[in-house]
Number of protein chains: 2
Amino acid sequence: MQSTLSLQTARNAAAPRDALTALDRLGTVVTLHREESLFYEGDVAEYYFKVVTGAVRSCKLLADGRRHVGDFYLPGDFIGLDAESDYIFSAEAVTDTTLVRYSRRSVDALAWEEPKVGQRLLGIARHRLCAARAQMMLLSRKTADERIASFLLGMADRSGDNDHVTLPMTRTDIGDHLGLTIETVSRSLSQLRKDGVIALVNSHEILIRDRDALEELAEAA
Amino acid sequence: MQSTLSLQTARNAAAPRDALTALDRLGTVVTLHREESLFYEGDVAEYYFKVVTGAVRSCKLLADGRRHVGDFYLPGDFIGLDAESDYIFSAEAVTDTTLVRYSRRSVDALAWEEPKVGQRLLGIARHRLCAARAQMMLLSRKTADERIASFLLGMADRSGDNDHVTLPMTRTDIGDHLGLTIETVSRSLSQLRKDGVIALVNSHEILIRDRDALEELAEAA
DNA sequence: CGCCGCATTGAAATTAGTCAATACTCGTGG
DNA sequence: CCACGAGTATTGACTAATTTCAATGCGGCG
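Calculation rules
- Residues numbered from 1 in each chain as written.
- Chains lettered and ligands numbered in written order.
- Predicted model: local features only at pLDDT ≥ 70, side-chain atom pairs only at ≥ 80, totals over all residues.
- Heavy atoms only, no water.
- Salt bridge = Lys/Arg side-chain N within 4 Å of Asp/Glu carboxyl O.
- Helix = DSSP H or I, 4+ residues; strand = E, 2+ residues; numbered from the N terminus.
- Buried < 20%, exposed > 50% of the residue type's maximum accessible area, 1.4 Å probe, protein only.
- Near = heavy atom within 4 Å.
- Polar contact = N/O pair within 3.5 Å; in protein donor to acceptor, adjacent residues only side chain to side chain.
- Nonpolar A, V, L, I, M, F, W, Y, C, P; charged D, E, K, R; others polar.
- Domains from an automatic or database assignment.
- Contact = heavy atoms within 4.5 Å.
- Buried area = accessible area lost by both parts, 1.4 Å probe.
- Pairing = 2+ DSSP bridges.
- Axes fitted to C-alpha atoms, helices over the stretch in contact; angles between N-to-C directions.

Enquirer: I tried to follow the pattern of salt bridges on my own but got confused; where do I start?
Expert: Two side chains bearing opposite charge may form a pair once their charged atoms approach each other closely. Taken as a whole and assessed by the stated rule, the structure comprises 34 salt bridges over all chains. Taking the shortest distance from any N to any O, the salt bridge between arginine 126 of chain A and aspartate 108 of chain B comes out at 3.5 Å. Residue arginine 126 of chain A is found in helix 3 (residues 115-141), and its partner aspartate 108 of chain B is found in helix 2 (residues 104-113); the two belong to separate chains. Of the two residues, arginine 126 of chain A and aspartate 108 of chain B, both sit in the buried class. Between arginine 128 of chain B and aspartate 71 of chain B there is a salt bridge, with its nearest N and O atoms 3.5 Å apart. Separated by 57 residues along the polypeptide, arginine 128 of chain B in helix 3 (residues 115-141) and aspartate 71 of chain B in strand 5 (residues 67-73) bring together distant segments of the chain. Arginine 128 of chain B gets classed as buried once you look at its relative accessible area, which sits at 5%. Several salt bridges share partner residues, and in doing so they unite Glu35, Arg57, Arg67, Glu92, Asp173 and Asp176 of chain A together with Arg141 of chain B into one network.

Here it is, written out as structure tokens:
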């Protein structure tokens, strides 16, 4: 994940010499409180965002309220490349969050002048597509336990720390991301705990005790 | 779907005057028979492809053989943008198929010289991301009947003809695409037929009799 | 201290999956 | 021209996984 992040943070903009730094001048900082929305499904997609601190989730709703969480965006992650003219999901802060906002028009314009920028955008899009394909496999064919195992490993990979995972989101968010109910998520986590595969420090912090077992469950397709 | 297709077919290459035509000179024609593979998951991603005639499916397998069909690619569709260095799925011909093959290196190189090409690539990637998000919603939250309804409408949209849908793939392919078993696919289709929503001309051709009912089922999120 | 939101656990209900039998289609060969 | 057989699809009966409904538990904050 980290490897494909492209646009530097506003903080890093001080370190120039790279075509990408031009981008950072386009960014303005945005802050959101927990549960605030960044944009809504159907809004005109005027901006890209990059998470600096905190966490964001993308949501889609069906008419009767069933919800799907497409992705969780953590520090460094880029939001908005999967929009044609309008946003296709809403984005909400999972916790208090800071982001950098970029005018999509300006970034896109820059992309065609500076090949490096264009390449990075395409690289991010590619990466999101890969993640989306993996998630579709998970949703279409994995069991509840396998989904949870895959999710925990994914979060661990993204968080630097190998066996200590922080889950900023609620069980409902996790369920809506994995196509499960909150109860099933809870039961799977409890089962993994009973089996000694993980330990629950508290409901938002998990220790991976037996990574091999977790990876076997996740079935690295 | 059609609107975002970008690279012209080899056939159209004769009509020049557009930056994109440079691309078509890079293409060579490939033909596949039913069930032949175009490439395998894990192969180095050297080529992009575009379907000219026929149909291709993308597949991912779990260790124990569970299969997921990510997408069906129909004439005009572009294959391969969702690969970083290696292909993340295998691609197989659903029926006898003709494609144009492009060297990825050449296309990518051209993309940074000709902004239009880069824009089109990014446009295709965006479009696939949108489709992937919709599919994740389907897989994570829709019932079997809703999945079938969504799938039929999607195929109808892609095929020009509004109420006559040709399904070149088998029930197994459809099931693996929608996260269902072959039996459930069959039962859902039978139910829709009994309810007068569709008619089955034969097992690969369907008539939409009551589009409103189908759209209500699909719940245009 | 007690409430409120979130999480866990249990028991019943339901959807989709599995196993199994039958039917259809199409191509081949008697 | 019809019969056969392979592959695919449909239908039925039963099973299993997950959801739903319901109750209890836990933790932080006013």
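Enquirer: Can you help me understand the protein's contact with DNA strand D in this one?
Expert: Taken together, 18 residues are adjacent to DNA strand D, and Thr184 and Arg187 of chain A together with Arg171, Ser186 and Ser190 of chain B come closest. Taking the atoms of DNA strand D that fall within 4 Å of the protein, sugar and phosphate contribute 63% of them. The separation between a phosphate oxygen of DNA strand D and a polar main-chain atom of glycine 179 of chain A is 3.4 Å. Within the side chain of serine 186 of chain B, one N or O atom sits 2.8 Å away from a phosphate oxygen of DNA strand D. Each residue belonging to the surface near DNA strand D can be placed in one class, and the counts come to 2 nonpolar, 9 polar and 7 charged.

Enquirer: Which parts of the structure should I look at to understand the domain arrangement of chain A?
Expert: The accessible area lost on association of the parts is a frequent measure of interface size. Residue and element names in this part refer to chain A. Along its sequence, chain A is carved into domain 1 (7-138) and domain 2 (142-218). Between domain 1 and domain 2, the C-alpha centre-to-centre distance is 25 Å. Contact residues are listed per partner, giving 16 residues for domain 1 and 14 residues for domain 2. With both sides pooled, the region where domain 1 packs onto domain 2 buries about 1,300 Å², and carbon together with sulfur makes up 57% of that total. The largest contributions to the domain 1 side of the interface with domain 2 come from Arg67, Phe72 and Leu138, which together make up 51% of the buried area. Residue arginine 57 pairs with aspartate 173 through a salt bridge whose shortest N-O separation is 3.1 Å. In terms of residues, the side of domain 1 that touches domain 2 owes the most to one element, strand 5 (residues 67-73), which gives 7 residues. Class assignment of the residues belonging to the side of domain 1 that touches domain 2 gives a composition of 8 nonpolar, 4 polar and 4 charged.

Enquirer: I'm lost on the sheet that holds strand 5 of chain A in this one. Help?
Expert: For sheets, the rule is that strands pair by backbone hydrogen bonds, running either parallel or antiparallel. All names here are of chain A. If you trace the 4 strands from one edge of the open sheet to the other, you get 2-7-4-5, paired in antiparallel fashion. Both outer strands of the open sheet, strand 2 (37-39) and strand 5, are each paired with one neighbouring strand and no more. Neighbour to neighbour, the strand axes of the sheet diverge by 30 degrees on average, direction disregarded. Here 2 bridges tie strand 2 to strand 7 (residues 90-93), and the two strands are oriented antiparallel to one another. In the strand pairing of strand 7, serine 37 is matched with glutamate 92. Against the sheet, helix 5 (residues 171-178) makes contact with strand 4 (56-61) and strand 5, and its axis sits at roughly 105 degrees relative to strand 5, the strand it touches most.

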